[in-house]
Each structure stands twice: as C-alpha cells, then as structure tokens.
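Descriptive structure summary
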Amino acid sequence: MERLRVRLKGAVQGVGFRPFVYRVARELGLKGFVLNDSGGVEIEVEGERSKLEEFLVRLNRDKPPLAHIYSQDLEFLPSVGYEDFEIKESRGEGEREVSVLPDIATCDKCLKELFEPNDRRYMYPFINCTNCGPRFTIVEALPYDRPNTSMKKFSMCKECLREYRDPMDRRFHAQPNACPVCGPQVRLLSSKGKEIARGREALKALVEKLAKGRICAVKGIGGFHLMCNATDEEAVRELRERKRRQEKPFAVMFKDLGQMKEFALPTKLEEALLLSPERPIVLIDKKKELAPSVAPGLKKVGAFLPYSPLHHIILRELSFPLVATSGNLSNEPIVKDNDEALEKLSPFCDYLLVHNRDIVRRCDDSVVKVIAKIPTPIRRSRGYAPLPIKLGFPLEKRILAVGGMLKNTFAIGSQERVILSQHVGDINNLSNLEAFEEAVHDLLKLYQFEPQLVVCDMHPRYETSRWAQDFSRQRGIPLIKVQHHYAHVLSCMAENGIKEKVLGIAWDGTGYGEDGTLWGGEFLIADYQSYIRAYHIKPFKLIGGERAVKEPKRVAISILFHIYGKDAFGVVEERIKGLSEKEVELLYKAWSGNVNSPLSSSVGRLFDAVASLLGLKQVLSYEGQAAIMLEDRFDGSVNEAYPFEIEGRQINWVPTFLALLSDKEVEKIPSRFINTLARISLSVAREVGIQKVCLSGGVMQNAPLVEKIKERLQAEGFEVYTHRSVPPNDGGISLGQAVYRNVQSL
Ligand code: ZN
Ligand code: ZN
Ligand code: FE
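Parameters and conventions
- Residues numbered from 1 in each chain as written.
- Chains lettered and ligands numbered in written order.
- Predicted model: local features only at pLDDT ≥ 70, side-chain atom pairs only at ≥ 80, totals over all residues.
- Heavy atoms only, no water.
- Donors = N, O, S within 2.8 Å, 3.2 Å for Na, K, Ca; no water.
- Tetrahedral: all angles 85-135°; square planar, octahedral: opposite > 155°, others 65-115°.
- Helix = DSSP H or I, 4+ residues; strand = E, 2+ residues; numbered from the N terminus.
- Domains from an automatic or database assignment.
- Buried area = accessible area lost by both parts, 1.4 Å probe.
- Salt bridge = Lys/Arg side-chain N within 4 Å of Asp/Glu carboxyl O.
- Polar contact = N/O pair within 3.5 Å; in protein donor to acceptor, adjacent residues only side chain to side chain.
- Buried < 20%, exposed > 50% of the residue type's maximum accessible area, 1.4 Å probe, protein only.
- Pairing = 2+ DSSP bridges.
- Axes fitted to C-alpha atoms, helices over the stretch in contact; angles between N-to-C directions.
- Contact = heavy atoms within 4.5 Å.
- Core = buried A, V, L, I, M, F, W, Y, C linked by side-chain atoms within 4.5 Å.
- Phe/Tyr/Trp six-rings, centres within 6.5 Å; stacked < 30°, edge-to-face > 60°.
- Lys NZ or Arg CZ within 6 Å of the ring centre and 35° of its normal.

Right, let's talk about the coordination of the zinc ion (ligand 2) for a bit. Around the zinc ion (ligand 2), the protein contributes the donor atoms Cys157 (SG), Cys160 (SG), Cys179 (SG) and Cys182 (SG), at 2.2 to 2.3 Å from the metal centre. The site at the zinc ion (ligand 2) holds four donor atoms, and with the angles between them running 105 to 118°, its shape is tetrahedral. Between consecutive donors of the zinc ion (ligand 2), the numbers of intervening residues give the motif C-x2-C-x18-C-x2-C. Taken together, the residues cysteine 160 in helix α4 (residues 158–165) and cysteine 182 in the loop between α4 and β6 (186–190) connect sequence positions 22 residues apart.

Moving on: the domain arrangement of the protein chain. With domains assigned, the protein chain is organised as domain 1 (2–87), domain 2 (100–184), domain 3 (186–355), domain 4 (377–496 + 729–739) and domain 5 (504–721). The contact between domain 4 and domain 5 buries some 2,000 Å² in all, and 66% of this surface belongs to carbon and sulfur atoms. On the domain 4 side of the contact with domain 5, His485, Tyr486 and Met493 bury the most area, a combined 30% of that side's loss. Put simply, domain 4 and domain 5 have one salt bridge between them. On inspection of domain 4 and its partner domain 5, the count reaches 12 residue pairs in polar contact (both at pLDDT 80 or more). By residue number, the principal contributor to the side of domain 4 that touches domain 5 is helix α13 (residues 484–495), which donates 10 residues.

Most of strand β12 (residues 300–304) sits inside the fold, with four of its five residues counted as buried. Inspection of the sheet shows strand β10 (residues 252–253) paired to β12 by two bridges, in the parallel sense. In the strand pairing of β12, methionine 253 is matched with phenylalanine 304. Here strand β11 (residues 281–285) pairs with β12 via four bridges, running antiparallel. The residue of β12 that forms the bridge with valine 282 is alanine 303.

Following leucine 142, the chain continues to proline 143 via a peptide bond in cis, the omega torsion being 0°. Position of proline 143 among the secondary structure elements: in the loop between α3 (108–114) and α4. The omega torsion of the bond from alanine 385 to proline 386 falls at 5°, within 30 degrees of zero and hence cis. Mapped onto the elements, proline 386 comes out in the loop between β16 (374–379) and β17 (389–401). Here histidine 173, not a glycine, exhibits a phi torsion of approximately 55°, which is positive. Summarising the element assignment, histidine 173 is placed in the loop between α4 and β6. Residue arginine 279 is not a glycine yet carries a positive backbone phi of 45°.

Turning our attention to the coordination of the zinc ion (ligand 1). Every protein donor of the zinc ion (ligand 1) is listed here as Cys107 (SG), Cys110 (SG), Cys129 (SG) and Cys132 (SG), and their distances to the metal cover 2.3 Å. Classification of the site at the zinc ion (ligand 1) as tetrahedral follows from its four donor atoms and the range of 104 to 117° in their angles at the metal.

An order of β4-β1-β3-β2-β5 is seen for the five strands of this open sheet, with the pairing classed as mixed. Either end of the sheet is taken by a strand with one partner, and the two such strands are β4 (68–78) and β5 (85–87). For this sheet, the mean angle separating the axes of adjacent strands, direction not counted, is 15°. The pairing of strand β1 (residues 2–11) with β4 spans 10 bridges and is antiparallel. Directly across from arginine 7, in β4, lies its bridge partner aspartate 73.

This brings us to helix α1 (residues 17–27). With eight of its 11 residues buried, α1 lies for the most part within the structure. Taken as a whole, α1 has its buried residues at Phe17, Arg18, Pro19, Phe20, Val21, Tyr22, Val24 and Ala25. Among the structural elements, β1, β2 (31–37), β3 (40–47), α2 (49–61), β4 and β5 are those in contact with the buried residues of α1. Just downstream of α1, glycine 29 is the residue with a positive phi angle, here 70°.

In this structure, Phe17, Ile43, Phe55 and Leu59 are the most contacted members of the largest nonpolar core, which totals 102 residues. Counting residues per element, this core draws most heavily on helix α11 (residues 430–446), which supplies seven residues. Counting 71 residues, the second largest nonpolar core, distinct from the first, contains Leu560, Val688, Val693 and Val720.

Time to look at the environment of leucine 4. Within the secondary structure, leucine 4 is located in strand β1. C-alpha of leucine 4 to C-alpha of glycine 521: the two residues are 517 residues apart in sequence and 56 Å apart in space. Residues within four places of leucine 4 in sequence aside, it is in contact with Ile43, Glu44, Val45, Leu52, Phe55, Leu56, Leu74, Glu75 and Phe76.

Our next topic: the sheet that holds strand β18 (residues 411–420). Judged by pairing direction, the sheet is mixed, and its four strands sit side by side in the order β18-β17-β19-β20 without closing on themselves. A strand with exactly one partner marks an edge of an open sheet, and here the two such strands are β18 and β20 (479–482). Each adjacent strand pair in this sheet contributes to an overall mean axis angle of 60°, direction not counted. As paired elements, β17 and strand β19 (residues 453–457) share three bridges and run parallel to each other. Note that in β19 the partner of alanine 401 across the bridge is valine 455. Lying over the sheet, helix α12 (residues 463–475) contacts β17, β19 and β20, oriented at roughly 160° with respect to β19.

Here we take up the packing of aromatic side chains. The full count for this structure, using the stated rule, is 22 aromatic pairs. Between phenylalanine 561 and tyrosine 588, the aromatic rings sit 4.9 Å apart at their centres with planes inclined by 85°, giving edge-to-face as the arrangement. Placement of the pair is phenylalanine 561 in helix α15 (residues 552–564) and tyrosine 588 in helix α17 (residues 581–592), with a sequence separation of 27 residues. An aromatic cluster is defined as three or more aromatic residues linked by ring pairs; in this entry it consists of Phe540, Phe607, Trp653, Phe657 and Phe673. Over the ring of phenylalanine 250 we find arginine 240, and its NZ or CZ is 4.2 Å from the ring centre. Taking NZ or CZ as reference, arginine 382 lies 3.4 Å from the ring centre of tyrosine 307, over its face.

So, on to helix α18 (residues 603–613). With 11 of its 11 residues buried, α18 lies for the most part within the structure. Every buried residue belonging to α18 is among Val603, Gly604, Arg605, Leu606, Phe607, Asp608, Ala609, Val610, Ala611, Ser612 and Leu613, and all of these are buried. Its side-chain oxygen placed 3.2 Å from the backbone nitrogen of glycine 604, serine 602 serves as the N-cap of α18. One or two positions beyond α18, positive phi appears at glycine 615, with a value near 75°.

Printed below as a string of structure tokens:
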C-alpha cells in the first residue's frame, strides 16, 4: 500500500472536479480525500501502486470538460491508513493561485430541465449545475464556495441541499444551485420602479411588452441589457434616440442557430463559436436586413445566442430576435445593480426586469471576429475573463499592468501567468476612472495580490498612467512605462509563446511615441527587453489634434495639403463636399503654421483619409467606423496595388495617394489600398529579414488586411503570428505591459 498526494493548479474549481475525483477513487477502491484550497485542488489517495497509477491516468484523461490543469505536483508517500474516500471542507488560507472560472452558458442538460413541464425547475430563470452558470460575476472571495458568493443569502431547500451534497448528483457543490422554492426571483418593474409582476408572471409580462415593441432593461449575468425587437425599425430607432447613439451597431440575440440563419450567414467555425460555452457576440455576414437601424451600413452583424436561462425563456416565447445592447449611459460602465438601473436606465426603457441575485462585478459581453480563419477576440470579457494567459517563461515580479485608455483592460501577472481583467472600457471620464479603480482593487483583493511593480503606457495624459503614478507612490513600488506599440507587439509575442526576436507590425489609431509624436504605423524589431523603431509610416499632420481623430476629412485634407500645398484647394473642393472656402483656408493656416497639428504616423488615420476621399464618411460616429466601411468594400478578386516608396526608415505614401486620386475605378479603391498596405508589410519584412512577424494593433482587426499580409509573407517563408487570446486592439495592451522585462529599471 502506498499514498499518492496530488496538487493541481489551474481552472479546477467550480467545474465538478471533486465529484469526478470522488467517483474515480471509489471505482478504483482507493481511500483518502479531495479538497479545494486557495492553491487549487489537493488529493490524497491510498492503494496499490498500479491502482494509483491508473488513477493518475484517468485524472488527466477523463477530467471534466471545463477543467484546465496548468500544473500538477505528485508525491508518493507511505500510507497512513485512510478508511474511506471523502470530499473535505475547503481550506481558505494561502496564496490565491487557483483560477476563478468565467461565467459559463447554460448547459444542454439544464436547458432540457428548464423546458420540461414536470421538472421542479420548469421555467426557472436561475437553473444551473456544476457544468454551467455564473462564476466570476458572483464570487466575492476565494475559494469559490457558496458562502463566498452572492448566493450566500439564499439558503437551499431540502431538495437543493440533497443535490448539493450528493457526489453522484450533477449539482454536487454547484455553488449557485437554486430552485423556485429557495432561490432568486425575478420582478418586472415600470420605469418608475413600480412592481408589475413577479416570477413566471413577470416573465410572461416582459415577453408581451417586448412583442409590443417596448424597450426593456433586463438584468443578465454581468450587467443589464437594453432589449427590443430587432426587426422593429420603430423600436430600434427609438432606442437609438433615447441612448443618443447614432450609428454604432447593436448586438442581436437570436433564439437559436435556426433563427439566426434567416438573417445571417455563419460559417462552420462561427457556428462553433456561437455555441461555445463562452457564448460571445460573433461578427457574422448579414443575409437579410433586420431593422435597418440595427447595424446601419455594415456588412456584418454582431450576433449571439442566449447564455443564461433567463435569455432562453424570453427568446423562446418570441418569434423575433432581440437587440441586446449593454445597459449604460453612453460611454459609461455597464449597469449591474437594481437601484443603479432604476436611476440610470429608466430614461431609456419602458420596463425593467430585475432580480435579487446580486452581480458582484460587471462583465460585458465578449466580441469575437474570425480573421484569417482564427477566432480573434475584439473584446475579451464575459466567458473568458479571468482565465489566465499562460506564458512560456516566469515573470520575476508580481506585476500590475494598467493597460491603455481606450477599451481598457488591466492585468495582474506573476510566475508563468497573466490574468487580464474583464473589459473596463474607455477611461475618458470620471465615472469610468472610478470603475477602473474599483475593478483594480477588486481583482487585487480577490487574488490577494500584492503588486511589486506597476506598469503603464507612456502617454502622459492617459488617466490610467496618472493613476499608476499615484498608485506606485502610495505603495512605494516602482513604475515602468512601456511604449504603446511595443506593448501591442509584446502582447502578440506573449500569447504566442514566442521567445526570439520578432518584427512587430503594430498599426492602430494612435499611441504616444518616444519622440512625443503620435505613432500608429510602426515596424518594430522587438524582444522582451527592448525594441527599435525599424520603419514607420511617414508622419502627416492631424489638423486639430483630437478632432482629426473623429473627422476623417481633416486627415484627408492634411494629406492633400502635403501633396499639393496651396494648390490642394481645388482638389479639396472636388473631393470633400460641404466645406466652405473659409474653412479650408483656416485648416490650411493651421496645417502650414503647425497650430494644434501634431504629427502622426497612424495607419488607422490613413484609412480615415481614404474613406473621406471616397466620400464615404467625413465625421465618424464611432471609433473605427471608416476602416470598417473600407473593409466591407474589399473585393478579393482585385489584386492590384498602388505604389509607395521606402525612404530611409519611412514609408512614403505620397505615390500611393497620387495613384489613388487618379484611379477611375472607384469601387476598387478600398481593395487596392488594402493590397498596398500588405505589399508595404512584405517590403519591410524583406528589408528586416527576421523570420517571425507579429501583427498587432487595432488596424489588425481588419480581416482582409490581415489575410493579405499573412498570405504575402507566408508565401516568402515568414512565420506570421496574430492574436487569438487577447484583442489586437488596446484591450490587449495590458498583457504586453505585463511581460515587458527591462531588467535595469527593476
Ligand atoms: Zn447545467
Ligand atoms: Zn431549492
Ligand atoms: Fe493601440
């Protein structure tokens, strides 16, 4: 007889791991115990050596589908004579190394019970089991046990408790286990806060209101959605007006794949993503228009499937899909509490569906786009956060990386992993800065994480950089600043486990450069210690600074001034409608006199200029709009490109724009422009001659561009790496910051 001790780390709690161990140990006749502690799972089993070895094989082979084992320590010890196999109480002390699981979509077994009239949870919107349900959004502290969740205020009825305690039951230790007798309940409120109905009646009433074209705020897993009939133009337009949201697309929740396929054309890969337990919003080609205001002027629609029992109940009763957009004031964090919803969302909605299971932390829906056959996160949040990104190397310190300003996520990193926060959003106002601060303290507390080092962006005016400065002073820990595009490249290297030097192509809207100008068209030779700016797009002026970021016409005009000087006036008049001579005159003065006209090498802005010159868009109503419009007009059968010149370390776009301006085949211009960028990448890659090439930055959300670059570079033997774990946009910056190792400054 021998004793085997196994310590597992990873995503091993809240996934049915202990009952699984219990069953295997029982079947093999082994004695001992299994328990959850803050480090993961600890197991001791006693028996014959051969049985212990078989136990190990099955532990790894048959583990529950949602479990991820990151490390296991094994130790064979003398036996101590256990009499039985038991599941012991969780232990809470020690460093928090265990992974908190993300929220997981309702599983098929629960779904079946949900719609089974004889089941005791028939139509109960909080049904869940060990394999599904909320996790990250209900946990207050580790280990993940019911008293440490927002379910602690509900005491289980006899039936639920029996399931919870029975290792053979599929709800054994399902922490949010509940039923209509003992668990949370929904209520429907008027926008004034008056209760209209409760429970099943409330759900019925909600469905009726939605069917009548009403706008309803519905409390979900990580916050509130605003919902309305996605085929009812009047309702959708009303929602836009109330939210003051002009054109930024709304996501649409469909009952099932069948319903979705009436309106969209998902590929097999997109179908798999839609059905995955993470249930992200997936950007999919439209087939037939929903209400025209859902995603105006776009080729794709953000589509997703129900992921909570509540969504399933609502959509099943309706004959149409629902707009399901984050419930928030524009640009503010998503609303998660009932009181907050009444205060902030009432002006937008006619009714509110609330419930009494508290959301501990907000978590927006994730967004995924398939780019070059790879599911690429555009927003990594619910369903993914806070699963760690595994590194192939250890970090020397415990690091807090605060991320950028737009689409913010932050990260904590130690040993061989980095945990990225949920999506925090744009940190450009006070309430978002507060939400950011709250989220940082929340994650630090959850993991009992004491940072030894804080990392931020180099931009002096990012709120997150200022916050990091204060934090480092208060804690007496060092602060390190990382250049924006270098962080983009590092994030791509880290998630792909690259150890060698790379050529990083980091293209985005703008980021602060080492020389104080706004970068965004960068070719960096990089490793984890340092980088050099090998090549970049020739800088141009952004007339009006921030305003040029929102007004493509200002970039186009700047380009025209650069090419033609004062002679540009005629071309401006011909190309960009709606500008008076006076305005052009003023812009020229600003441009030539360098009045609030910072230099930028941004490829994102070049997309804006092209969209403006094509008359597609002169003023953006959301970030990235112009680039998406060009992407939507890409035609894979067009192979020509425009000329460009490499002059020293700069890529000169003057020949490109000259050719573009005289191109009579207007409908081919977007494709030819994108092809040109791919050829520029190839030329630089040849010059640099480094085998591994990383593509990052917001511009790399452009699917045809990434596909073209990959195709061209791979054809010449380069290895091209893109994102699959974190977003190419600024949502991935925090990972890059966390893995930067400038040893001198430590
Ligand atoms: Zn389930
Ligand atoms: Zn119950
Ligand atoms: Fe960026």
